[in-house]
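Secondary and tertiary structure notes
Residues per chain, in single letters:
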Amino acid sequence: MVVAVILILIVVGSVVFHFMSPWWWTPIASNWGYIDDTIIITFWITGTVFVAVILFMAYCVLKFQHKEGRRATYEPENKKLEWWLTGLTAIGVAGMLAPGLFVWNQYVSVPEDADVVEVLGQQWQWSYRYPGEDGVLGTSDARLIDSDNPFGVNPNDPNGQDDILVEGDDLHLPIDRPVKMLLRSIDVLHDFYVPQFRAKMDLVPGAVTFFWLTPTRTGAFDILCAELCGTGHHIMRGTVIVDNAAEYDEWMSEQETFAELAARAKAEEKQQAGLGTPTGDGFEKKVSLVVNEDTAKPIQ
Ligand SMILES: [Cu+2]
(Lines give C-alpha, C1' and ligand atoms only; values in the text may rest on other atoms or scores of the structure.)
Protein backbone atom coordinates (compact mmCIF):
# COMPACT_ATOMS: atom_id res chain seq x y z
CA MET A 1 0.00 0.00 0.00
CA VAL A 2 2.80 2.45 0.99
CA VAL A 3 4.68 1.71 -2.24
CA ALA A 4 1.55 2.37 -4.32
CA VAL A 5 1.01 5.72 -2.56
CA ILE A 6 4.65 6.70 -3.13
CA LEU A 7 4.32 5.86 -6.84
CA ILE A 8 1.14 7.96 -7.15
CA LEU A 9 2.86 10.85 -5.31
CA ILE A 10 5.78 10.65 -7.77
CA VAL A 11 3.34 11.04 -10.66
CA VAL A 12 1.40 13.92 -9.07
CA GLY A 13 4.63 15.64 -7.96
CA SER A 14 6.20 15.35 -11.42
CA VAL A 15 3.14 16.75 -13.21
CA VAL A 16 2.76 19.62 -10.72
CA PHE A 17 6.49 20.40 -10.94
CA HIS A 18 6.32 20.39 -14.73
CA PHE A 19 3.59 23.00 -14.82
CA MET A 20 4.76 25.10 -11.83
CA SER A 21 8.52 24.95 -12.50
CA PRO A 22 10.32 28.30 -12.40
CA TRP A 23 13.05 26.84 -14.67
CA TRP A 24 11.24 27.16 -17.95
CA TRP A 25 12.67 28.39 -21.25
CA THR A 26 13.30 32.09 -21.77
CA PRO A 27 10.81 34.11 -23.89
CA ILE A 28 11.49 33.43 -27.54
CA ALA A 29 13.19 36.10 -29.70
CA SER A 30 13.08 34.52 -33.16
CA ASN A 31 10.71 32.95 -35.65
CA TRP A 32 11.48 29.42 -34.38
CA GLY A 33 8.35 28.84 -32.32
CA TYR A 34 8.10 25.56 -34.26
CA ILE A 35 11.07 24.27 -32.28
CA ASP A 36 9.20 24.94 -29.03
CA ASP A 37 6.18 23.14 -30.51
CA THR A 38 8.21 20.00 -31.22
CA ILE A 39 9.59 20.02 -27.66
CA ILE A 40 6.06 20.40 -26.27
CA ILE A 41 4.85 17.45 -28.40
CA THR A 42 7.76 15.38 -27.02
CA PHE A 43 6.85 16.47 -23.45
CA TRP A 44 3.23 15.37 -23.97
CA ILE A 45 4.13 11.97 -25.46
CA THR A 46 6.88 11.10 -22.96
CA GLY A 47 4.83 12.61 -20.11
CA THR A 48 1.77 10.51 -20.97
CA VAL A 49 3.88 7.35 -21.15
CA PHE A 50 5.60 8.23 -17.86
CA VAL A 51 2.26 8.76 -16.07
CA ALA A 52 0.71 5.62 -17.59
CA VAL A 53 3.67 3.38 -16.71
CA ILE A 54 3.99 4.59 -13.10
CA LEU A 55 0.23 4.40 -12.47
CA PHE A 56 0.17 0.89 -13.96
CA MET A 57 2.97 -0.05 -11.56
CA ALA A 58 0.96 1.36 -8.63
CA TYR A 59 -2.09 -0.61 -9.80
CA CYS A 60 -0.07 -3.83 -10.05
CA VAL A 61 1.52 -3.33 -6.63
CA LEU A 62 -1.98 -3.04 -5.11
CA LYS A 63 -3.81 -5.63 -7.19
CA PHE A 64 -1.19 -8.39 -7.12
CA GLN A 65 0.13 -7.99 -3.59
CA HIS A 66 1.07 -11.03 -1.58
CA LYS A 67 -1.81 -13.12 -0.28
CA GLU A 68 -1.69 -16.52 1.38
CA GLY A 69 -2.14 -19.26 -1.19
CA ARG A 70 -1.95 -17.00 -4.28
CA ARG A 71 0.32 -18.29 -7.08
CA ALA A 72 1.77 -16.36 -10.00
CA THR A 73 0.78 -17.61 -13.45
CA TYR A 74 3.36 -18.00 -16.19
CA GLU A 75 2.42 -16.39 -19.52
CA PRO A 76 5.47 -16.01 -21.81
CA GLU A 77 3.48 -15.21 -24.99
CA ASN A 78 0.63 -12.82 -25.55
CA LYS A 79 0.41 -12.00 -29.25
CA LYS A 80 -2.44 -9.52 -28.90
CA LEU A 81 -0.73 -7.54 -26.16
CA GLU A 82 2.57 -7.51 -28.07
CA TRP A 83 0.85 -6.09 -31.17
CA TRP A 84 -0.75 -3.36 -29.09
CA LEU A 85 2.51 -2.41 -27.37
CA THR A 86 4.47 -2.47 -30.65
CA GLY A 87 1.83 -0.36 -32.42
CA LEU A 88 1.52 2.23 -29.66
CA THR A 89 5.31 2.51 -29.28
CA ALA A 90 5.69 3.02 -33.05
CA ILE A 91 3.03 5.76 -33.06
CA GLY A 92 4.69 7.44 -30.06
CA VAL A 93 8.18 7.40 -31.59
CA ALA A 94 6.88 8.60 -34.98
CA GLY A 95 4.93 11.36 -33.22
CA MET A 96 8.16 12.60 -31.61
CA LEU A 97 10.36 12.34 -34.72
CA ALA A 98 8.10 13.40 -37.59
CA PRO A 99 7.48 17.05 -36.53
CA GLY A 100 11.24 17.48 -36.13
CA LEU A 101 11.83 16.48 -39.75
CA PHE A 102 9.43 19.18 -41.00
CA VAL A 103 10.95 21.82 -38.73
CA TRP A 104 14.50 20.82 -39.69
CA ASN A 105 13.59 21.22 -43.36
CA GLN A 106 12.39 24.78 -42.67
CA TYR A 107 15.43 25.49 -40.50
CA VAL A 108 17.86 24.91 -43.37
CA SER A 109 15.65 26.20 -46.24
CA VAL A 110 16.90 29.77 -46.35
CA PRO A 111 14.56 32.46 -47.80
CA GLU A 112 15.97 34.07 -50.93
CA ASP A 113 15.96 37.60 -49.50
CA ALA A 114 17.94 36.64 -46.37
CA ASP A 115 21.02 38.66 -45.36
CA VAL A 116 24.24 36.79 -44.70
CA VAL A 117 26.50 36.81 -41.64
CA GLU A 118 29.47 34.58 -41.07
CA VAL A 119 30.25 33.38 -37.55
CA LEU A 120 33.86 32.35 -36.97
CA GLY A 121 34.57 30.14 -33.97
CA GLN A 122 37.97 29.53 -32.48
CA GLN A 123 39.34 28.54 -29.10
CA TRP A 124 37.79 30.44 -27.32
CA GLN A 125 36.06 33.35 -28.91
CA TRP A 126 33.49 34.34 -31.51
CA SER A 127 34.09 36.70 -34.44
CA TYR A 128 31.75 37.82 -37.22
CA ARG A 129 32.01 38.83 -40.86
CA TYR A 130 29.40 40.74 -42.85
CA PRO A 131 29.45 40.89 -46.66
CA GLY A 132 29.66 44.70 -46.85
CA GLU A 133 28.04 46.87 -49.49
CA ASP A 134 28.25 44.35 -52.34
CA GLY A 135 26.26 41.82 -50.30
CA VAL A 136 28.76 39.04 -51.14
CA LEU A 137 31.28 37.54 -48.73
CA GLY A 138 34.78 37.20 -50.15
CA THR A 139 36.28 33.73 -50.33
CA SER A 140 38.40 32.65 -47.37
CA ASP A 141 40.85 29.96 -46.46
CA ALA A 142 42.14 28.89 -43.06
CA ARG A 143 45.68 28.79 -44.55
CA LEU A 144 45.55 32.58 -45.10
CA ILE A 145 44.95 33.27 -41.41
CA ASP A 146 47.62 35.29 -39.62
CA SER A 147 47.64 38.11 -37.10
CA ASP A 148 46.87 40.68 -39.83
CA ASN A 149 44.17 38.54 -41.45
CA PRO A 150 42.37 36.79 -38.59
CA PHE A 151 39.52 35.60 -40.83
CA GLY A 152 41.72 34.23 -43.61
CA VAL A 153 39.95 36.42 -46.20
CA ASN A 154 41.39 35.97 -49.69
CA PRO A 155 43.16 39.34 -50.33
CA ASN A 156 42.87 38.84 -54.11
CA ASP A 157 39.08 38.44 -54.08
CA PRO A 158 37.38 41.78 -54.87
CA ASN A 159 34.24 40.57 -53.05
CA GLY A 160 36.20 40.40 -49.81
CA GLN A 161 37.57 43.96 -49.80
CA ASP A 162 34.41 45.53 -48.36
CA ASP A 163 33.67 42.66 -45.95
CA ILE A 164 33.01 44.01 -42.47
CA LEU A 165 35.04 42.26 -39.78
CA VAL A 166 33.96 42.23 -36.15
CA GLU A 167 36.50 40.73 -33.78
CA GLY A 168 36.09 40.54 -30.03
CA ASP A 169 32.89 42.59 -30.10
CA ASP A 170 29.13 42.00 -30.21
CA LEU A 171 27.21 40.49 -33.09
CA HIS A 172 24.53 42.89 -34.31
CA LEU A 173 21.43 41.78 -36.21
CA PRO A 174 18.53 43.89 -37.44
CA ILE A 175 15.06 42.98 -36.18
CA ASP A 176 12.51 41.35 -38.52
CA ARG A 177 15.06 40.60 -41.25
CA PRO A 178 15.78 36.96 -42.17
CA VAL A 179 19.49 36.22 -41.87
CA LYS A 180 21.50 33.23 -42.99
CA MET A 181 24.13 32.33 -40.41
CA LEU A 182 27.22 30.76 -41.99
CA LEU A 183 29.29 28.94 -39.39
CA ARG A 184 33.03 28.32 -39.73
CA SER A 185 35.59 27.01 -37.25
CA ILE A 186 39.34 27.35 -37.62
CA ASP A 187 40.37 24.81 -35.01
CA VAL A 188 38.01 22.32 -33.36
CA LEU A 189 34.28 21.60 -33.15
CA HIS A 190 32.22 24.43 -31.64
CA ASP A 191 28.47 25.02 -31.51
CA PHE A 192 26.83 28.40 -31.95
CA TYR A 193 23.86 28.61 -29.58
CA VAL A 194 21.54 31.47 -28.64
CA PRO A 195 18.87 30.07 -26.30
CA GLN A 196 16.36 32.87 -27.02
CA PHE A 197 16.61 32.17 -30.75
CA ARG A 198 16.00 28.43 -30.12
CA ALA A 199 18.71 27.99 -32.71
CA LYS A 200 22.01 26.17 -32.58
CA MET A 201 24.37 24.50 -35.00
CA ASP A 202 27.79 22.86 -34.90
CA LEU A 203 30.82 24.58 -36.43
CA VAL A 204 32.86 21.89 -38.15
CA PRO A 205 36.50 22.55 -39.13
CA GLY A 206 36.85 22.29 -42.90
CA ALA A 207 33.15 22.83 -43.61
CA VAL A 208 30.70 25.73 -43.58
CA THR A 209 27.43 24.89 -41.84
CA PHE A 210 24.40 27.14 -41.84
CA PHE A 211 20.87 27.83 -40.64
CA TRP A 212 18.65 30.89 -40.82
CA LEU A 213 16.45 32.87 -38.47
CA THR A 214 14.51 36.11 -38.18
CA PRO A 215 15.07 37.99 -34.90
CA THR A 216 11.68 39.10 -33.56
CA ARG A 217 12.63 40.99 -30.39
CA THR A 218 15.24 43.70 -29.79
CA GLY A 219 17.67 43.24 -26.93
CA ALA A 220 20.95 41.63 -25.96
CA PHE A 221 21.19 37.85 -25.80
CA ASP A 222 23.99 35.49 -24.76
CA ILE A 223 25.84 33.46 -27.36
CA LEU A 224 27.09 30.20 -25.89
CA CYS A 225 29.34 27.49 -27.21
CA ALA A 226 27.34 24.26 -26.88
CA GLU A 227 30.11 21.86 -27.86
CA LEU A 228 32.91 20.97 -25.43
CA CYS A 229 35.88 22.53 -27.24
CA GLY A 230 38.74 22.54 -24.74
CA THR A 231 39.69 23.94 -21.37
CA GLY A 232 38.29 27.41 -22.17
CA HIS A 233 34.93 26.10 -23.41
CA HIS A 234 33.01 27.71 -20.53
CA ILE A 235 34.36 31.19 -21.30
CA MET A 236 33.53 30.96 -25.01
CA ARG A 237 30.71 33.45 -24.82
CA GLY A 238 29.48 36.36 -26.85
CA THR A 239 26.55 38.70 -27.13
CA VAL A 240 24.13 39.17 -29.98
CA ILE A 241 22.37 42.52 -30.05
CA VAL A 242 19.13 42.76 -32.02
CA ASP A 243 18.75 46.37 -33.17
CA ASN A 244 15.99 48.24 -34.90
CA ALA A 245 16.86 49.27 -38.46
CA ALA A 246 18.21 52.75 -37.62
CA GLU A 247 20.44 51.53 -34.78
CA TYR A 248 21.73 48.72 -36.94
CA ASP A 249 22.64 51.04 -39.83
CA GLU A 250 24.42 53.39 -37.46
CA TRP A 251 26.42 50.58 -35.92
CA MET A 252 27.28 49.15 -39.32
CA SER A 253 28.56 52.53 -40.56
CA GLU A 254 31.12 52.54 -37.75
CA GLN A 255 32.66 49.19 -38.64
CA GLU A 256 35.91 48.54 -40.43
CA THR A 257 36.21 46.72 -43.77
CA PHE A 258 38.80 44.11 -44.62
CA ALA A 259 40.57 46.58 -46.95
CA GLU A 260 40.78 49.20 -44.20
CA LEU A 261 42.00 46.64 -41.70
CA ALA A 262 44.64 45.36 -44.13
CA ALA A 263 45.84 48.90 -44.89
CA ARG A 264 46.09 49.67 -41.20
CA ALA A 265 48.02 46.45 -40.53
CA LYS A 266 50.41 47.27 -43.34
CA ALA A 267 50.94 50.79 -42.04
CA GLU A 268 51.64 49.50 -38.55
CA GLU A 269 54.08 47.00 -39.95
CA LYS A 270 55.93 49.73 -41.79
CA GLN A 271 56.01 51.88 -38.73
CA GLN A 272 57.41 49.05 -36.65
CA ALA A 273 60.10 48.42 -39.24
CA GLY A 274 61.05 52.07 -38.98
CA LEU A 275 60.52 52.68 -42.69
CA GLY A 276 57.94 55.38 -42.55
CA THR A 277 56.63 58.33 -40.73
CA PRO A 278 52.94 58.47 -39.93
CA THR A 279 51.43 61.06 -42.23
CA GLY A 280 47.82 60.31 -41.56
CA ASP A 281 47.17 59.27 -45.14
CA GLY A 282 48.39 55.73 -45.06
CA PHE A 283 52.15 56.28 -45.42
CA GLU A 284 51.88 57.07 -49.08
CA LYS A 285 55.06 59.13 -49.16
CA LYS A 286 58.13 57.18 -50.18
CA VAL A 287 61.21 57.56 -48.02
CA SER A 288 64.35 58.29 -49.96
CA LEU A 289 66.81 56.40 -47.81
CA VAL A 290 66.22 52.76 -46.94
CA VAL A 291 68.24 51.43 -44.04
CA ASN A 292 69.26 47.84 -43.76
CA GLU A 293 68.89 47.19 -40.06
CA ASP A 294 71.49 44.44 -39.98
CA THR A 295 74.38 46.61 -41.12
CA ALA A 296 72.96 50.07 -40.47
CA LYS A 297 74.55 51.12 -43.77
CA PRO A 298 72.69 52.79 -46.60
CA ILE A 299 71.70 50.37 -49.35
CA GLN A 300 70.51 50.99 -52.88
CU1 LIG B 1 33.65 26.29 -28.49
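Residues numbered from 1 in each chain as written. Predicted model: local features only at pLDDT ≥ 70, side-chain atom pairs only at ≥ 80, totals over all residues. Heavy atoms only, no water.

1. Description of the nonpolar core
One recurring pattern in soluble globular proteins is that nonpolar side chains are buried together. Ranked by size, the top nonpolar core spans 36 residues in total, and within it W126, Y130, L171, M181, F192, F197 and F211 carry the most contacts. Each of domain 1 (2-63 + 83-107) and domain 2 (115-261) gives at least three residues to this core. For F197, the contacting residues outside a window of four places in its chain are A29, S30, W32, L173, L213, P215, F221, V240 and V242. L120, F151, L165 and F258 belong to the second largest nonpolar core, which has six residues in total. (Core = buried A, V, L, I, M, F, W, Y, C linked by side-chain atoms within 4.5 Å. Buried < 20%, exposed > 50% of the residue type's maximum accessible area, 1.4 Å probe, protein only. Domains from an automatic or database assignment. Contact = heavy atoms within 4.5 Å.)

2. Here we look at the packing of aromatic side chains
Scanning the model with the defined rule gives 15 aromatic pairs in all. Aromatic side chains Y59 and F64 sit 6.5 Å apart centroid to centroid with 85 degrees between the ring planes, which places their arrangement in the edge-to-face category. Judged by its relative accessible area of 53%, F64 falls in the exposed class. Consider the rings of Y107 and F211, whose centres lie 5.1 Å apart with planes at 10 degrees: the pair is stacked. Taken together, the residues Y107 in helix α3 (residues 79-107) and F211 in strand β8 (residues 209-213) connect sequence positions 104 residues apart. For the pair Y107 and F211, a shared accessibility class is recorded, and that class is buried. Counting every residue linked through ring pairs, the aromatic cluster contains W32, Y34, W104, Y107, W126, F192, F211 and W212. Sitting over the face of the ring of F210, K180 holds its NZ or CZ atom 4.7 Å from the ring centroid. Taking NZ or CZ as reference, K200 lies 4.9 Å from the ring centre of Y193, over its face. (Phe/Tyr/Trp six-rings, centres within 6.5 Å; stacked < 30°, edge-to-face > 60°. Helix = DSSP H or I, 4+ residues; strand = E, 2+ residues; numbered from the N terminus. Lys NZ or Arg CZ within 6 Å of the ring centre and 35° of its normal.)

3. A few points about the coordination of the copper ion
Ideal values differ by geometry: the angle at a metal is 109.5 degrees with four tetrahedral donors, but 90 or 180 degrees with six octahedral donors. In this structure, H190 (ND1), C225 (SG), C229 (SG) and M236 (SD) serve as the protein donors to the copper ion, at separations of 2.1 to 2.5 Å. For the copper ion, the single-chain donor residues occur in sequence as H-x34-C-x3-C-x6-M. Here H190 is found in strand β6 (residues 190-194), whereas its partner C229 is found in the loop between β9 (219-225) and β10 (237-243), with 39 residues between them in sequence. With relative accessibility at 0%, the residue H190 sits in the buried group. (Donors = N, O, S within 2.8 Å, 3.2 Å for Na, K, Ca; no water.)

4. Some remarks on the domain arrangement of the protein chain
Splitting the protein chain by domain gives domain 1 (2-63 + 83-107) and domain 2 (115-261). Of the residues lining the interface, 13 residues belong to domain 1; the matching set on domain 2 comes to 15 residues. Between domain 1 and domain 2 lies a buried interface of about 1,200 Å² when both sides are counted; carbon and sulfur atoms form 47% of it. Viewed at the interface, domain 2 and domain 1 are joined by one salt bridge. Put simply, domain 1 and domain 2 have 13 residue pairs in polar contact (both at pLDDT 80 or more) between them. For the side of domain 1 that touches domain 2, the secondary-structure elements that each account for two or more residues are α2 (33-63) and α3. A per-element tally of the side of domain 1 that touches domain 2 places α3 first, with three residues. (Buried area = accessible area lost by both parts, 1.4 Å probe. Salt bridge = Lys/Arg side-chain N within 4 Å of Asp/Glu carboxyl O. Polar contact = N/O pair within 3.5 Å; in protein donor to acceptor, adjacent residues only side chain to side chain.)

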